[in-house]
Amino acid sequence: MFKKYLLNAFVLLCSFLLPISCSKDNDTPEHIHEEELITRVTLKIKKQGSADAAVTYTWNDDHEEEGHSEEEEGHDEDGVHVELEANSTYEVEVGFFNASDPADIEDITEEVKAEADEHQVFLELIEIQGLSIVAAANDSTDSNGNPLFLKSVWTTTAVSAGEVRVYLIHEPTAKSGSTRNDFGGEIDVKVDFHVDVE
Amino acid sequence: MLTFSMRLNRLVLTLIFVSTGFAFSQECNIKLRGKIIDLHEDSPLDNAFIQILETNQTAVSSAKGDFVFDNLCPGKIIVKISHISCEDLIKEIDLKKSMDIKFFMEHHIAFLEEVIIEESQVKKLSSTAKTYLLSERQRDRSSSQGLGVALENISGVNNIKTGNNIVKPVIHGMFGSRIGIIYNGIPLENQQWGQDHAPTIDHNAFENIRLIKGAGTLKYSGDSPGGVIVLESKSLPIRDTLYGKTIINGMTNGRGVNLISSWVRSFQSGKYFKIQGTLKKNGDYSSPDYILLNTGNEEKNITFSLGRNKILSQWKVGFSFFSNEIGILRSSHIGNVDDLLRAIESKSPLIINPFTYDVNAPKQKNKHHTAFFQYSKRYDFNSKLNFQYSWQRNNRQEFDIRRGDNKNKASVDLLLNTHIFNSNYEWGRGVMRHDSGIFMQIQDNFSNPDTQVKRLIPDYFKTKYGSYFTTTITPSNAINYDFGIRWESHHNSIQKYYDNRRWEADQYESLYGSYVIKEVAGQKLVKRKLVFNNISVNAGMNFNLGDAKVLGLNFYLTQRAPDISEMFSDGLHHALATIEYGDPSLTQETTKKVVFNFEKNKGALQYSIGPYLSWAQNFIIIEPEGLLQTTRGAFPFWEFKAVDAMLKGIDFDLSFQISDYISFEHSSSWIDGINRNTKTPLINMPPVNIRNHFLFSLPRWKSFLMALTSNNFLRQNQFPDNNFYTDVVENGKIVNKLVDISTPPDAYHHIGMEMHWGPYSLKHNKIRFSLIFDNMLNTNYRTYLNRLRFYADEMGRNVMLQIKFNH
């Protein structure tokens, strides 16, 4: 009797084990392409009234800086160097990209524009005196007409150096301010560009 | 159904006949010798009336239960046995030769109830380790909350929380995979590794909730050095009856409402049907000073079971469905370390809105289905064979605040299917009782790629099988010995995508390069098979010293295979802004634990003192390893690793009946956990807590009961320093600021009160009212074991009105 039960149990066990073990072995998990990642931040800078082409400075997630990069003294982190001339005006465009798949680089800037009410770009000046930033006339705006600061105009005066910290803030509680705390919300992007005004 | 011993007898007789060359004849000279045995007491039954229906021959059993019929002819006969206190037994017998048969008689079904109930009480989880049982008042009081809250009044049991709705029990400083939750004999499989994964179980569906500290029941699990929680349904009466219980709760904090109801229909034949359902809904909770935005919660559970209880056999089929949707404090959703720093520096949450029942992202949705079938058969009163098959389907979805098309998609969507088949045999009586079983479990985890987020844990397929043997020796009434051994073999097949960046940073190529089966878009798919064999041993003894004093000592050796999450997790931990990485080279964790217990369990003054020591090798913890530069700024990343650890502590319980109308209960516990390699404290060790409880009743007002509870939690001063620095901008300059994620919050004290009226008769029902106050003084406090302690205070005052009907 005991044996009979064990046999039944074994048959029962096998009957549900077999289909499962067979079906599972051949499956390989699908590759996930993360659409929401922002792995690259760019500043496209063009000097007003100059015939020179715009220069794009790129901050990449993977430490492979492109464009102008060099070790900075007194600073451990590698940074991207932006060189500007004093007493000039520049048109600057911020770009956000998902370059996690080099073969398929996505432009996230468009999404930010589409969800303008839920996003805000904040350009914070750190230890740099001779630079002021205002929104460009052709900048994208949210439903209340607040500029997103995707396009801005940078005016340089005196020679100085410092960082421009680019933030992309998600669901900000305020759309304007002079410090990070003024905006509330959560940080989607925080990268520094080293700027030399010469 | 023929019994095992009958079969054996027949076989023996057949062999004798064959060997002596006895020839069957058609002559009517067959002798049928019988013995009638009372199934419950395993004793002979006298004065039973035996009748052969065909021939109308009759006999009466002797004092030894024996009877004889002579001169029977070959062929089939039907024997009917009657006894005043038993059900009639009718048996067909094919007579070919003289034979001896044992007849087991069942008592009248009405008497069986007592026997079954008695048996369920006798059946202890362990005869040497202390078992804690929740009282009905404790279960009802916590009916509006989760299992963790229901257990927290037991000394040495704490909770690790994420906000107020996600609560996980911690036993002796261990939680998650290091404790076992067993319901209806099934180990709960629900991604229990996660700190913010509360057990997907409705404790309102169970009448028997018991807990053992330490791996006290190797029958159910061998990898839970922390402890085991066993939830069971009560044995049902064997008679025609319909009864039920309904609890309605209304709460001021969160404006919550619960409806919990269960109904049982049982029959004289032993058949029964049981249904239980729970509905819970609450909106945003509030702390004393502000609303905790997005902390609403909704829960819907249902359980059915159907079965038949008889003395010789039992079967049961059950199905249960658990589902919840839990809001997570809105302001705990942060983007990076700067946001975390802002939250820590701010006294109140950064986002506070008016009260609402709406639950938005961040939130969790969990569904847990269970279907099971159980069958048990008894061969005589002392041996029993059980079979059980169960299927669990657990779906966990976590929703974050997202952008674009993915806004309403879950970020984590895990589907875990678990099939468990187990069988065990219990035998022995008196001095020696044994239990041995085998089990097999297969489990499939699927991480839904539609989330469009990198898998937090990979897809895997796990097969687990093994067996156990436990024995209890009771040489005298004063001594018990327990011994148990369990072996488990785990076979994991894992398929995981690694980012090339991490693959290179951790130099995985030389170790796992040969397991790469595919390369796509900057990632490598690795397929590995991992095998772990675990042995767990338990030895315990228990001495009754007389005067109701009992001394117990238990030793446990447990091995736990690393969790899939500990080996392969890969993702962002939102509440702490940390990136967590698994370590694929981990091996199993071995814990030796000694639990001592001295108690006095009768009289006006009762107490229990329980020191313990856990000595662990390869104890898997997660620690900060460095900073990772991302477009969101620098993130600290934490990695799982194995260390040598020691956890020691002491639990103390005391109760004193001061007078007929006043009683006092006290429980307290202290624990210390250290990493023996670095000599630093382990993270998340519960602080010292002291609970005092006074119970009053009034001589004149018999149906009134009142209780006052004081809960004192000291500050945890033993903690590892996992702090780090981040640079933020202040006045146009970069300032390096400390992000203090380590320092525990201050000590706190809160007071609760409960008043109970009833039961009063209302037609055929009994009705009981309770008014329960939690955090009566509206104290502001934060708890160390709450992962959202950086963001907001705990709940403020709550008043709950409970109406309970017994139908």
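Residues numbered from 1 in each chain as written. Chains lettered and ligands numbered in written order. Predicted model: local features only at pLDDT ≥ 70, side-chain atom pairs only at ≥ 80, totals over all residues. Heavy atoms only, no water.

(A) Just the state of the cysteines, in detail. Residues and elements named next belong to chain B. Here the structure, examined in full by the defined rule, presents one disulfide over all chains. Disulfide partner of Cys-28: Cys-73, at an S-S distance of 1.9 Å. Judged by the torsion about the S-S bond (105°), the Cys-28/Cys-73 disulfide is right-handed. Here Cys-28 is found in the loop between helix H1 (4-20) and strand S1 (30-38), whereas its partner Cys-73 is found in the loop between strand S5 (66-72) and strand S6 (75-82), with 45 residues between them in sequence. Its relative accessible area of 38% is what places Cys-73 among the partly exposed residues. (Disulfide = S-S within 2.5 Å. Helix = DSSP H or I, 4+ residues; strand = E, 2+ residues; numbered from the N terminus. Buried < 20%, exposed > 50% of the residue type's maximum accessible area, 1.4 Å probe, protein only.)

(B) Focus on the pairing of strand S5 (residues 89-98) of chain A. Residue and element names in this part refer to chain A. Relative to S5, strand S1 (residues 40-47) is paired through eight bridges, and the arrangement is antiparallel. In the sheet register, Lys-46 faces S5, and the bridge partner there is Glu-91. In the sheet, S5 pairs with strand S9 (residues 151-156) via five bridges, with the strands oriented antiparallel. In the sheet register, Glu-91 faces S9, and the bridge partner there is Val-153. Bridge count between S5 and strand S6 (residues 106-107): two bridges; the pairing is antiparallel. Within the sheet, the bridge partner assigned to Asn-98 lies in S6 and is Glu-106. (Pairing = 2+ DSSP bridges.)

(C) Highlighting the domain arrangement of chain B. All names here are of chain B. For chain B, the assigned domains read domain 1 (4-107), domain 2 (112-231) and domain 3 (232-806). One C-alpha centre belongs to domain 2, the other to domain 3; they are set 9 Å apart. Contacts between the two partners involve 77 residues from domain 2 and, on the opposite side, 129 residues from domain 3. At the boundary of domain 2 with domain 3, total buried surface from both sides reaches about 8,100 Å², with 48% on carbon and sulfur atoms. Viewed at the interface, domain 3 and domain 2 are joined by 15 salt bridges. (Domains from an automatic or database assignment. Contact = heavy atoms within 4.5 Å. Buried area = accessible area lost by both parts, 1.4 Å probe. Salt bridge = Lys/Arg side-chain N within 4 Å of Asp/Glu carboxyl O.)

(D) Representation of the packing of aromatic side chains within the structure. The full count for this structure, using the stated rule, is 24 aromatic pairs over all chains. Ring centres of Phe-122 of chain A and Tyr-167 of chain A lie 5.6 Å apart, and the angle between their planes is 10°; on these two criteria the pair is classed as stacked. Note that Phe-122 of chain A is positioned in strand S7 (residues 119-126) and Tyr-167 of chain A in strand S10 (residues 160-170), a separation of 45 residues in sequence. Residues Phe-122 of chain A and Tyr-167 of chain A agree in their burial class; the two are buried. Relative to Tyr-748 of chain B, the ring of Phe-713 of chain B has its centre 5.0 Å away and its plane inclined at 10°; by these criteria the two rings are stacked. (Phe/Tyr/Trp six-rings, centres within 6.5 Å; stacked < 30°, edge-to-face > 60°.)

(E) Seen up close, the interface of chain B and chain A. Between chain B and chain A, the contact holds 59 residues from the first and 58 residues from the second. A per-residue breakdown of the area chain B buries against chain A is headed by Arg-342, Arg-403 and Thr-631 of chain B, which together make up 17% of the total. For the pair chain B and chain A, the number of links is eleven salt bridges. Connecting chain B to chain A are 22 residue pairs in polar contact (both at pLDDT 80 or more). (Polar contact = N/O pair within 3.5 Å; in protein donor to acceptor, adjacent residues only side chain to side chain.)

(F) Region of interest: the side chain of Asp-284 of chain B. All names here are of chain B. Residue position: Asp-284 is located in the loop between strand S18 (271-282) and strand S19 (297-309). Among the polar contacts listed, one links the side chain of Asp-284 to the backbone nitrogen of Asn-294, at a separation of 3.0 Å. Those residues within four positions of Asp-284 in sequence are excluded, and the remaining contacts are Gly-254, Ile-291, Leu-292, Leu-293, Asn-294, Thr-295, Gly-296, Pro-354, Phe-355, Thr-356 and Asp-358.

(G) The environment of Ile-212 of chain B, seen in detail. Residues and elements named next belong to chain B. Mapped onto the elements of the fold, Ile-212 is located in strand S14 (residues 208-213). Ile-212 sits 80 residues away from Tyr-132 along the chain, and the two C-alpha atoms are 6.5 Å apart. Once you skip the residues sitting within four places of it in the chain, Ile-212 turns out to touch Leu-125, Ser-126, Ala-129, Lys-130, Thr-131, Thr-217, Gly-227 and Val-228.

(H) Examining the pattern of salt bridges more closely. All names here are of chain B. This model, assessed by the stated rule, comprises 57 salt bridges over all chains. In this structure, Glu-794 engages Lys-161 in a salt bridge whose closest nitrogen and oxygen atoms are separated by 3.1 Å. On the criterion of sequence distance, the pair formed by Glu-794 in the loop between strand S42 (765-774) and strand S43 (798-806) and Lys-161 in strand S10 (residues 157-162) is long-range, its members being 633 residues apart. Per residue, the accessibility class of Glu-794 equals that of Lys-161, and both read buried.

(I) Geometry of unusual backbone geometry. Here the bond from Ala-361 of chain B into Pro-362 of chain B is cis, since omega is -5°, no more than 30 degrees from zero. Inspection of the secondary structure assignment puts Pro-362 of chain B in the loop between helix H5 (337-345) and strand S21 (363-380). Backbone torsion omega between Gly-758 of chain B and Pro-759 of chain B reads 0°, so that peptide bond is classified as cis. Residue position: Pro-759 of chain B is located in strand S41 (residues 748-762). One non-glycine residue, Glu-127 of chain A, adopts positive backbone phi at about 55°. Structurally, the position occupied by Glu-127 of chain A is in the loop between S7 and strand S8 (131-135). Positive phi, close to 65°, is recorded for Asn-294 of chain B, a residue that is not glycine. Considering the arrangement of structural elements, one finds Asn-294 of chain B in the loop between S18 and S19.

(J) Quick peek at the nonpolar core. One finds Leu-340, Met-567, Phe-568, Val-739, Ile-741 and Tyr-791 of chain B to be the most contacted residues of the largest nonpolar core, which totals 49 residues. Contacts of Val-739 of chain B, omitting those with residues within four sequence positions, involve Val-337, Leu-340, Leu-341, Ile-344, Asn-723, Phe-724 and Thr-726 of chain B. One finds Val-121, Ile-133, Leu-168 and Phe-193 of chain A within the second-largest nonpolar core, a separate group that totals 32 residues. (Core = buried A, V, L, I, M, F, W, Y, C linked by side-chain atoms within 4.5 Å.)

(K) Looking closely at the sheet that holds strand S7 (residues 89-95) of chain B. All names here are of chain B. Taking strand neighbours across the sheet as the criterion, the four strands line up as S4-S3-S6-S7 in an open arrangement whose pairing is antiparallel. Both outer strands of the open sheet, strand S4 (57-60) and S7, are each paired with one neighbouring strand and no more. On average, each strand axis in the sheet is inclined to that of its neighbour by 20°, with strand direction left out of account. (Axes fitted to C-alpha atoms, helices over the stretch in contact; angles between N-to-C directions.)

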